[in-house]
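Secondary and tertiary structure notes
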Amino acid sequence: MTGQRRLSHEQLLRFLGEMLLIRRFEEKVVERFRAGDLAGFLHACIGQEAVAVGVCRALEEGDLMASTHRAHGHVLANGTPPNEVMAELYGKLEGCSHGYGGSMHLYDIERGNMGANAVVGGGLPATVGAALAFKLRGEPHVAVAFFGDGATNIGTFHESMNLAQLWQVPVVFVCENNRWAESTPQSQHQPIRDLTQRASAYGMRASRVDGQDVELVHLAALEALGTARAGNGPVFLLCETERLTGHYIGDPQVYRDKEDLRKLRETRDPIQILRARLGPSDDEWARVEADAQSVVEASLEFARAGTDPDPRDALKNVYAEQR
């Protein structure tokens, strides 16, 4: 990326609102989880909102994406209504996965979301398959795979990269590099620091961008998607981002230096970075805040009033049943 900026104030203000909506949504999820309303493990994307918004807002109608266990931001940025996401976290029929999936299995096929995945790197092969289908059908669409730095160590990542490059399919691999594989620092699980070298090993185009700058992420995503859409093969997009919270809600983060985390929250928050650059008036910021908070509160009310699934339907939509 050249670092050139060309998005309008109005577009960036919309991006600011979308990132703030994700942040307030995640904060509400943390609150309700701690209150005992939500079951299971939940992984907040606080600090990584710029990647979700920057990439998903570059997608076109008919494109597909696959997410990770840290999926709320991707799914919201991709256009699934907050009501449906919150209802899914509450296990309601009105949820985007009709209460079957929960936090780590958020699906919305109608809007091009092939699903979040609790398996690290689990969405990578399916994304390459979708891209192959686009190519064979002659359709002008692109598939996008989100994954973290830890996923670049696993076999399915390398298999997917290898076949994508071999077949020259229209896929963009978006690596959200927060330098933590759950609780393991990058220095303890990877021998390299520049993960674009992963793509170089397969002769694949790669670009690297500051994942805390939503404008630069968006421009890089547009460029990568344009390359893939034009039939020039896959692209690896490395977004250097920051996880400003634990791996999961309730993670004590004993593996992490508290002072370093405090400094990151002060200097690398993507929302505050964009707010400082745009310089919205107090009234503008108050409106953005109020809009986000209103949507989140409405989603919570919607979810709480939702329909609990019938336990007799627990085995619906399974491929095999042991008798």
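Residues numbered from 1 in each chain as written. Predicted model: local features only at pLDDT ≥ 70, side-chain atom pairs only at ≥ 80, totals over all residues. Heavy atoms only, no water.

On to the side chain of Arg32, then. Along the chain, the position of Arg32 falls in helix H1 (residues 9–34). Aside from chain neighbours lying at most four places away, what touches Arg32 is Asp37, Leu38, Tyr90, Leu300 and Arg304. (Helix = DSSP H or I, 4+ residues; strand = E, 2+ residues; numbered from the N terminus. Contact = heavy atoms within 4.5 Å.)

Attention now goes to the pattern of salt bridges. As enumerated under the stated definition, the model contains 27 salt bridges in all. Note that Asp37 is salt-bridged to Arg32, the shortest N-O span being 2.9 Å. A relative accessible area of 32% places Asp37 in the partly exposed class. Among the ionic pairs, Asp313 bridges to Lys316, the shortest N-O distance being 3.5 Å. Residue Lys316 is classed as partly exposed on the basis of its relative accessible area of 48%. Counted as one network, the salt bridges with shared partners bring together Arg179, Asp194, Arg208, Asp210, Glu240, Glu242 and Arg268. (Salt bridge = Lys/Arg side-chain N within 4 Å of Asp/Glu carboxyl O. Buried < 20%, exposed > 50% of the residue type's maximum accessible area, 1.4 Å probe, protein only.)

On to empty space enclosed by the protein, then. Here the structure, examined in full by the defined rule, presents 1 cavity of 30 Å³ or more. Taken as a whole, the largest cavity holds about 30 Å³ of empty space. Considered class by class, the residues forming the lining of the largest cavity number 2 nonpolar, 3 polar and 2 charged. (1 Å grid on protein atoms, 1.4 Å probe; cavity = no way out; pocket = protein on both sides within 12 Å on 5 of 7 lines; lining within 4 Å. Points joined across faces, edges and corners; volume = space filled by probe spheres on them. Nonpolar A, V, L, I, M, F, W, Y, C, P; charged D, E, K, R; others polar.)

Take unusual backbone geometry next. One non-glycine residue, His98, lies in positive phi territory at about 60 degrees. Positive phi is not limited to glycine here, since Glu182 has a value of about 60 degrees. Residue position: Glu182 is located in the loop between strand E4 (180–181) and strand E5 (184–185). Overall, the relative accessible area of 46% leaves Glu182 in the partly exposed class.

Remark: a regular strand shows side chains that alternate across the two faces of the sheet. Burial analysis of strand E2 (residues 143–148) places 5 of its 6 residues in the buried class, the great majority of the element. Here strand E1 (residues 64–66) runs beside E2; their pairing, made up of 3 bridges, is parallel. Across the sheet, residue Ala66 finds its bridge partner in E2, namely Ala145. In this region the chain leaves E2, passes through helix H6 (residues 155–167) and returns to the parallel neighbour strand E3 (residues 171–177); the handedness of that crossover is right-handed. (Pairing = 2+ DSSP bridges. Right-handed = clockwise from strand over helix to strand, strands pointing away.)

The subject of this paragraph is the packing of H1 against helix H4 (residues 82–89). Their axes nearest at 12 Å, the elements H1 and H4 cross at an angle of 20 degrees. By the angle between their axes, H1 is roughly parallel relative to H4. Crossing geometry of H1 relative to H4 is assigned as right-handed. Between H1, through Leu21, Phe25, Lys28 and Val29, and H4, the contact on the second element is made entirely by Pro82, Val85, Met86 and Leu89. (Axes fitted to C-alpha atoms, helices over the stretch in contact; angles between N-to-C directions. Parallel < 35°, antiparallel > 145°, perpendicular 65-115°, else oblique. Left-handed = near helix turned anticlockwise from the far one by under 90°.)

Our next topic: H6. Taking 1.5 Å of rise per residue, 13 residues should cover 18 Å, and H6 covers 18 Å from first to last C-alpha, within 8% of that figure. Among the residues of H6, Phe157, Ser160, Met161, Ala164 and Gln165 are the ones counted as buried. Seen along its axis, H6 keeps its buried residues to an arc of 120 degrees; they face one direction. Exposed side chains of H6 directed beyond 90 degrees from the buried face belong to Glu159 and Leu166. (Expected span 1.5 Å × (residues − 1). Arc of directions from axis to C-beta.)

Mapped onto the elements, Leu59 comes out in the loop between helix H2 (49–56) and E1. Sequence-wise, Leu59 and Gly226 are 167 residues apart; in three dimensions their C-alpha atoms are separated by 9.9 Å. Ignoring anything within four residues of it in the chain, the contact list for Leu59 reads Met65, Asn78, Val144 and Leu225.

This part is about the packing of H4 against helix H11 (residues 282–304). Packing of H4 against H11 brings their axes to within 8 Å, and their N-to-C directions diverge by 45 degrees. In terms of their interaxial angle, H4 and H11 are classed as oblique. Between H4 and H11 lies a crossing whose hand is right-handed. Taken together, the residues of H11 that come into contact with H4 (itself represented by Pro82, Asn83, Met86 and Ala87) are Val295, Ala298, Ser299, Leu300, Phe302 and Ala303. Classifying every residue of the contact of H4 with H11 by side-chain character gives 8 nonpolar, 2 polar and no charged.

If you trace the 5 strands from one edge of the open sheet to the other, you get E1-E2-E3-E7-E6, paired in parallel fashion. With one partner strand each, in any of the chains shown, E1 and strand E6 (205–210) form the two edges of the open sheet. Geometrically, the sheet is characterised by an average inter-axis angle of 20 degrees between neighbouring strands, direction not taken into account. In this sheet, strand E7 (residues 235–240) lies alongside E3 in parallel orientation, the contact comprising 6 bridges. Looking at E7, one finds that Val174 is bridged to Leu237. The strands touched by H2 are E2, E3 and E7; relative to E2, the strand with the most contacts, the crossing angle is about 170 degrees.

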